Amino acid sequence: MAREHDPADDRAHAADSAPEPGMSARAVVLSLIVSAAVAFLFPYANLVLRGSRPANTSLPFGVIAVFFVIVALVNPLLKLIGRRFRDWKIPLYEDTVIARTIKTGRPTVHGLGFEPDEPVVEADLVTLVESLVEAASPLRRFGAQIAEKLGDASFLGLPFTDSSGRVTGSLTVLAPFRFSRDDFNLLRVSADIVGRALEKRRLADELRESEERFRGVFEHTVIGIYRTTPEGEVLMVNPALVQMLGYDSFEELTRRDLEAGYHEGHSRADFLREIERAGEVRGLESVWKKKDGAALHVRENARAVRDRSGRTLYYEGTVEDVTLRHEALERLKESEKRHRFMVENTYDLFYRVNLADVSYEYLSPAVKKITGYGVEEFIEMAKSGELAKRIHPDDLGWLNEDADALLDNGRGAIEKPVIEYRLLARDGAYRWLSDVRQVVFDEAGKAVAIVGVSRDITERKLAEEALAASEELYRTFTEEALVGVYIFANGRFVFVNPQMEKITGYTREELLELDPIGELVLEED
């Protein structure tokens, strides 16, 4: 018994055909069924055949035979049916005779002339006719009247399957005679033929749609698609690859020499060796030559298609133009090279500290120029706490507070982006360091690192101290001198010592404000 199949909605239509006068109803039914199945003349859901009323039949309205092919698959064929037969809905979703045949996989019968050997589902003629239209359809009222007029007509509903054994539809036959065992067997074969024919049609439609989808992708994708032979013959390429390589047409590209189509350092031999070994290549990057000789950096995925004996028939693959990415990477490498050169050769110390474990993630080589300690040695001193012992005692306290503030989501670096402190170098002398730092946050806003630059400002600090000492010495000299000392610039005093106040009788502020030439010098002088 065939396995159950869920009923689906379907549409149907009636088409008339007149049999030749004089043929018996039995011959008309059987001959039409067999010829329809073999020649596949009826690819639609329902077909109603009407003709003149033969003398030996009791059927009214000249109905000789009704031949129903119900297809219960949601596939392109059903879409065709829905478009073709818009006025007739077969309610397969209801518990009807036809739907029951499809769902149970058992023949549905009424008025057979023999006792079948397999399980069947009994149904009456009125139920059959009413099952052809939806419950709400006004056609059901006429269907009931027709069923009443048909009298002793018999019908046979036979499920048919696809090649996998799944029930895909029902062949329902209505006739003015009782079906014999031979009739049953013949119709069973006819149902199988119809099932296979419909499956073939369905598969052909699916194949066509699949090819259309592939063609759409093939023609419009920006990725290059190709098919070539091991000997280098171009069998197929899409427009994207033609354009990518700078050719005007597929025909022009087919004349391309694939062996010579690589820039130096790359070859087709590398491609052939890898694809023959593994049967495929994934993410292979190489440099092809365009029609004008320009470099085309590509990323390639391909597979070898072989026959049953293992002989390679052709290669088919995809090609992505990664020239822009390659150029960007080259610029990035050059930029990193320049940056590395600058960092490693400058006297400024670059660093990055991980706040999770308060450890150096990076320390530039300038640390040795400044402190006398190598990179690894300095990092180890920081881990062991030895570095903290080399901080000047006057700076140690506030630096510890600063370290605690850094751990508070980088607050220390935010409040004090620049700090200055003293560190004992290997030579025993203290070095003044100016530290400019910045906080690195993650996406959640959590401080994860501190990056900074430390500069040796010892000479500047010594110069500042020397200047301060010199200024103090000069101030002491001028203030204690017994003679007047002043600095005159741009017609004004800019400095006067206390002795000048005594000599002139003016205060310091008055001397800085007055005009020395006009107010201190007599005319006769």
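Scroll up a little and you will see the structure.
Quick caveat, the model's predicted, so the values are computed rather than measured.

Asker: Sorry if this is basic, but what is going on with the overall build of the protein here?
Answerer: Helix and strand counts for the protein stand at 18 helices and 20 strands. Burial analysis of the protein (525 residues in total) assigns 41% to the buried set. Accessible surface for the protein amounts to roughly 30,000 Å². Of this, 53% is attributable to carbon and sulfur atoms.

Asker: Help me out: how do you make sense of the nonpolar core in this one?
Answerer: Burial of nonpolar side chains together is a common tendency in soluble globular proteins. Formed by 23 residues in total, the largest nonpolar core has its most connected members in L363, F378, Y421, L423 and I450. Elements supplying a minimum of two residues to this core: β14 (349–354), α11 (366–371), α12 (375–384), α13 (393–407), β16 (418–424), β17 (430–441) and β18 (447–456). In contact with L423, other than residues within four places in its own chain, are T371, F378, L387, R390, I391, A429, Y430, R431 and L433. Among the nonpolar cores identified, the runner-up in size contains 22 residues, and L245, Y247, A302 and V319 belong to it.

Asker: Mind showing me how you'd approach unusual backbone geometry here?
Answerer: With the exception of glycine, most residues fall at negative phi, and the peptide bonds are largely trans. If you check the backbone angles, V358 has positive phi at about 50° while not being a glycine. Positionally, V358 belongs in the loop between β14 and β15 (359–363). Residue classification places V358 among the exposed positions, given a relative accessible area of 53%. Even without being glycine, N409 reaches a positive phi, approximately 55°. Here N409 lies in the loop between α13 and α14 (411–415). The partly exposed category is assigned to N409, whose relative accessible area is 35%.

Asker: Would you mind going over α12 with me for this structure?
Answerer: In an α-helix, one turn spans 3.6 residues; hence positions three or four apart end up facing the same way. Residues of α12 that are buried include every one of F378, I379 and M381, and no others. Seen from one end, α12 has its buried residues packed into an arc of 160°, which puts them on one side. Residues of α12 that are exposed and point over 90 degrees away from its buried face: E376, K383 and S384. G385, located one to two residues past α12, shows a positive phi value of around 90°.

Asker: It is not clear to me how the packing of aromatic side chains should be interpreted in this structure. Could you clarify?
Answerer: We describe a pair of aromatic rings using the distance from one ring centre to the other and the angle between the two ring planes. Enumeration according to the criterion identifies seven aromatic pairs in this entry. When the centroid spacing of 5.7 Å and the interplanar angle of 85° are considered together, the rings of F271 and Y315 count as edge-to-face. Pair noted here: F271 is in helix α9 (residues 268–278) and Y315 is in strand β13 (residues 312–321), with a separation of 44 residues, a long-range link. For the pair formed by F271 and Y315, the shared burial category is buried. Joined through ring pairs, the aromatic side chains of Y351, Y360 and F378 make up one cluster. Just above the ring of Y347 sits the side chain of K369; from NZ or CZ to the centre is 4.9 Å. Here the basic side chain of K461 rests over the ring of W432, its NZ or CZ set 4.5 Å away from the ring centre.

Asker: Is there a simple way to explain the side chain of T458 in this structure?
Answerer: Looking at the secondary structure, you find T458 in helix α15 (residues 458–480). Every residue in contact with T458, bar those within four places of it in the chain, is listed here: Y430, R431 and W432.

Asker: Looking at this model, I keep getting lost on the pairing of strand β11 (residues 280–289). Mind explaining?
Answerer: Remark: a regular strand shows side chains that alternate across the two faces of the sheet. One ladder, built from eight bridges, connects β11 with strand β12 (residues 295–306); its direction is antiparallel. Residue pairing for β12: L284 is matched across the bridge by E300. The hairpin turn running from β11 into β12, its antiparallel successor, is five residues long, and G293 in that turn takes a positive phi close to 90°.

Asker: Please clarify how the pairing of strand β9 (residues 224–228) should be interpreted in this entry.
Answerer: For β9, the buried fraction is high: four of the five residues fall into the buried class. Pairing of β9 with β13, which is carried by five bridges, proceeds in the antiparallel orientation. Paired with R227 across the two strands is E316, which belongs to β13. Adjacent in sequence and paired antiparallel, β9 and strand β10 (residues 234–237) are bridged by five residues, among which G232 carries a positive phi angle near 100°.

Asker: Help me understand α15 in this model?
Answerer: A rise of 1.5 Å per residue sets the reference length of α15, with its 23 residues, at 33 Å; its end C-alpha atoms lie 33 Å apart and thus fit the reference within 8%. Every buried residue of α15 is accounted for by T458, K461 and T478. Where α15 is buried, its residues meet β16, β17, β18, β20 (492–496) and α16 (498–504).

Asker: So what exactly am I meant to see when it comes to the environment of R437 here?
Answerer: Note that R437 resides in strand β17. Sequence-distant contacts of R437, that is, excluding residues within four places in its chain, are made with Y351, D402, L406, G412, A413, K416, P417, I419, I450, V451 and G452. A polar side-chain atom of R437 sits 2.6 Å from a polar atom in the side chain of D402. At 2.8 Å, the side chain of R437 and the backbone oxygen of K416 are in polar contact.

Asker: Help me understand the sheet that holds β17, please; the structure alone is not making it clear to me.
Answerer: Adjacent strands of a sheet pair through backbone hydrogen bonds, lying either parallel or antiparallel. Sheet architecture is open: five strands sit in the order β15-β14-β18-β17-β16, paired in antiparallel fashion. Looking at which strands have only one partner, the edges of the open sheet turn out to be β15 and β16. Direction aside, neighbouring strands of the sheet carry axes that sit 30° apart on average. As defined by bridge partners, β14 adjoins β15 across four bridges and the pair is classed as antiparallel. Paired with Y351 across the strands is L363, a residue of β15.

Asker: Even after reading the chapter, I still don't get the pattern of salt bridges, so can you show me in this structure?
Answerer: Oppositely charged side chains may form a pair once their charged atoms are brought near each other. On inspection of all chains with the given rule, the structure shows 35 salt bridges. For the salt bridge of E285 with R325, the shortest nitrogen-to-oxygen distance reads 2.4 Å. You can see E285 sitting in strand β11 and its partner R325 sitting in helix α10 (residues 323–345), a full 40 residues away along the chain. Residue E285 is classed as partly exposed on the basis of its relative accessible area of 39%. Here R325 falls in the partly exposed class, since its relative accessible area comes to 40%. The residue D427 makes a salt bridge to R431 at a minimum N-O spacing of 2.6 Å. What you see here is one network of salt bridges that share partners, running through E420, R460, K461 and E464.

Definitions and limits used
Residues numbered from 1 in each chain as written. Predicted model: local features only at pLDDT ≥ 70, side-chain atom pairs only at ≥ 80, totals over all residues. Heavy atoms only, no water. Helix = DSSP H or I, 4+ residues; strand = E, 2+ residues; numbered from the N terminus. Buried < 20%, exposed > 50% of the residue type's maximum accessible area, 1.4 Å probe, protein only. Areas by Shrake-Rupley, 256 points an atom, 1.4 Å probe, with all protein chains shown as cover. Core = buried A, V, L, I, M, F, W, Y, C linked by side-chain atoms within 4.5 Å. Contact = heavy atoms within 4.5 Å. Arc of directions from axis to C-beta. Phe/Tyr/Trp six-rings, centres within 6.5 Å; stacked < 30°, edge-to-face > 60°. Lys NZ or Arg CZ within 6 Å of the ring centre and 35° of its normal. Pairing = 2+ DSSP bridges. Expected span 1.5 Å × (residues − 1). Polar contact = N/O pair within 3.5 Å; in protein donor to acceptor, adjacent residues only side chain to side chain. Axes fitted to C-alpha atoms, helices over the stretch in contact; angles between N-to-C directions. Salt bridge = Lys/Arg side-chain N within 4 Å of Asp/Glu carboxyl O.

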